[in-house]
Amino acid sequence: MGVSLISPVLPAVQEAWNISEAQASLLLSAFTLPGIFLTLPIGLLTDRIGRKPILIPALVVFGLSGGGIIFISDFTLILVLRAIQGAASSAIAMLTVTLLGDLYSGEQRRVLIGTNAAILAVGAAGYPLLGGALATVAWSAPFACFLLALLVAVPGITLLEEPQRDENNTNSSIRAFLTGPTSMTPFVVLYLAIFGIFVILYGAQLTAVPFLLANEYHLSSASIGLLVGLPAVTMGATAMQGDRVLRSLTSFQSIALGFVSYGIGLVGVAVADSIYVVAGALLLFGLGQGLAEPITDTALNERAPDEFRGSIMSIRTSVLRLGTTVGPPLSVGAAALFGYRQTLLVSGAAAFLIGVTWFTVRRQ
């Protein structure tokens, strides 16, 4: 919800508040920025006191701070609430994947992480439609949907299982792990991949594409929401097959092919001369998302020792938030100089080259 629901609303926010595109994009950046700095301390804390004592309050804060925006008439205060909501969201995003690693293992873990990605894709497909439709009523209407988080928190109090922890390992030092015999190279590569994935996702697909559709195709918020949600269709279908993909490819090869698909999709949007070509290119972009994003989560979970999983996955979320924070202003800034088509073209070409190079290296 945090971004998918709001992305197609950006043009309506810009018009309602009479602000620039860069200012409107702050609704995304303010949401993602806190996670860069707060997720790692949260991860360290969850390794000490458990997952549930953090997750349930985070859901409550997420719902109240997001839903409260509908009552605010000052844009600066809205950005403050989005930052508070983003901090809570970082804890939720980190703990969701961490809990899947805690409670399951092996093939079941891989299947469930893929299922989790597919569920996220359903939201990513549906929320832009909902956000775009509600924005035709009022720019603030989509923010009321965040109150649904409270309906998740309440049953979670009794139904959510707290993973068993080995008390002998709770005092283990993450520094000892980082400086120990375990190679850190795979972790670094995966974190770099996550950063790239979310710069592309938030900067290109969720920021540049909506403004391109509004400026050049003159689409309504509802129509923009429909198109922006298309990649989630192929992402969900691909993510559900993650276990099968990993039988034929290594996790690094799958991520590399994801970047190749990102690149082709973005170039397709950049050179498209009709909405139908844009739609096809966005479906191809979603294929790349399904090959890349859930596989990074699987690979990190499988490499993380149980006692440090919260910390390792929190670094993943911090890097993710850095990518989501950098992506929108980077795309809007580049578009101000070169235009949205050129920005998407260069982004797609870069993603394609990274993917081809990475896949080639990993085959050797």
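As a reminder, the structure under discussion sits directly above these lines.
Everything in this summary refers to the structure shown in the same document. Numbering of residues starts from 1 in each chain and follows the order in which that chain's sequence is written. Side-chain atom pairs in this predicted model are given and counted only at pLDDT of 80 or more, local residue features only at pLDDT of at least 70, and totals for whole chains, interfaces and linings cover all residues. Neither water nor hydrogens contribute to the side-chain values; these are computed over all heavy atoms in the structure.

On to the packing of aromatic side chains. Two aromatic rings from Phe, Tyr or Trp, using only the six-membered ring of Trp, form a pair when their centres are within 6.5 Å; if the ring planes differ by under 30 degrees the pair is stacked, by over 60 it is edge-to-face, and anything between is tilted. Taken as a whole, this structure holds 12 aromatic pairs when the rule is applied. Ring geometry for Trp17 versus Phe75: centroids 5.4 Å apart, planes at 55 degrees, classification tilted. Here the residue Trp17 occupies a position in helix 1 (residues 10-17), and Phe75 occupies one in helix 4 (residues 75-103), the gap between them amounting to 58 residues. A residue is classified by how much of its surface remains accessible, and Trp17, at 23% relative accessible area, is partly exposed. Residue exposure (1.4 Å probe, protein chains only): buried if accessible area is under 20% of the type maximum, exposed if over 50%, otherwise partly exposed. Since its relative accessible area comes to 13%, Phe75 is described here as buried. Secondary structure elements follow DSSP: runs of H or I no shorter than four residues count as helices, runs of E no shorter than two count as strands, and numbering proceeds from the N terminus.

The phi torsion at Asn18 lies on the positive side, around 55 degrees, for a residue other than glycine. Tracing the backbone shows Asn18 in the loop between helix 1 and helix 2 (21-49). What makes Asn18 exposed here is its relative accessible area of 71%.

Each pair of packed helices can be summarised by the angle the axes make with each other and by the distance between the axes. For helices, the axis comes from a line fit to the C-alpha atoms of the stretch in contact; other axes are also lines fit to C-alpha atoms, and the angle between any two N-to-C directions lies between 0 and 180 degrees. Packing of helix 3 (residues 52-67) against helix 4 leaves a shortest axis separation of 8 Å and a crossing angle of 145 degrees. When the axes of helix 3 and helix 4 are compared, the crossing they make is left-handed. Note on element contacts: helix 4 touches helix 3 through Leu81, Ile84, Gln85, Ala88, Ser89, Ala91, Ile92, Leu95 and Leu99, opposite Ile54, Leu55, Ala58, Leu59, Val61, Phe62, Ser65 and Gly66. Broken down by class, the residue content of the contact of helix 3 with helix 4 amounts to 13 nonpolar, four polar and no charged. Helix crossings are classified by the rotation of the near helix relative to the far one: an anticlockwise turn of less than a right angle makes the crossing left-handed, while a clockwise turn makes it right-handed. Between two residues, a contact is recorded if the distance between any of their heavy atoms is within 4.5 Å. As a working rule, the residues Ala, Val, Leu, Ile, Met, Phe, Trp, Tyr, Cys and Pro are called nonpolar, Asp, Glu, Lys and Arg charged, and the rest polar, with Gly in that last group.

Interaxial distance between helix 2 and helix 4 falls to 6 Å at its minimum, and their mutual angle equals 40 degrees. One way to sum up the angle between helix 2 and helix 4 is to call them oblique. The hand of the helix 2/helix 4 crossing is right-handed. Broken down by class, the residue content of the contact of helix 2 with helix 4 amounts to 16 nonpolar, nine polar and one charged. What sets the label is the angle itself: under 35 degrees gives roughly parallel, over 145 gives roughly antiparallel, 65 to 115 gives roughly perpendicular, and the rest give oblique.

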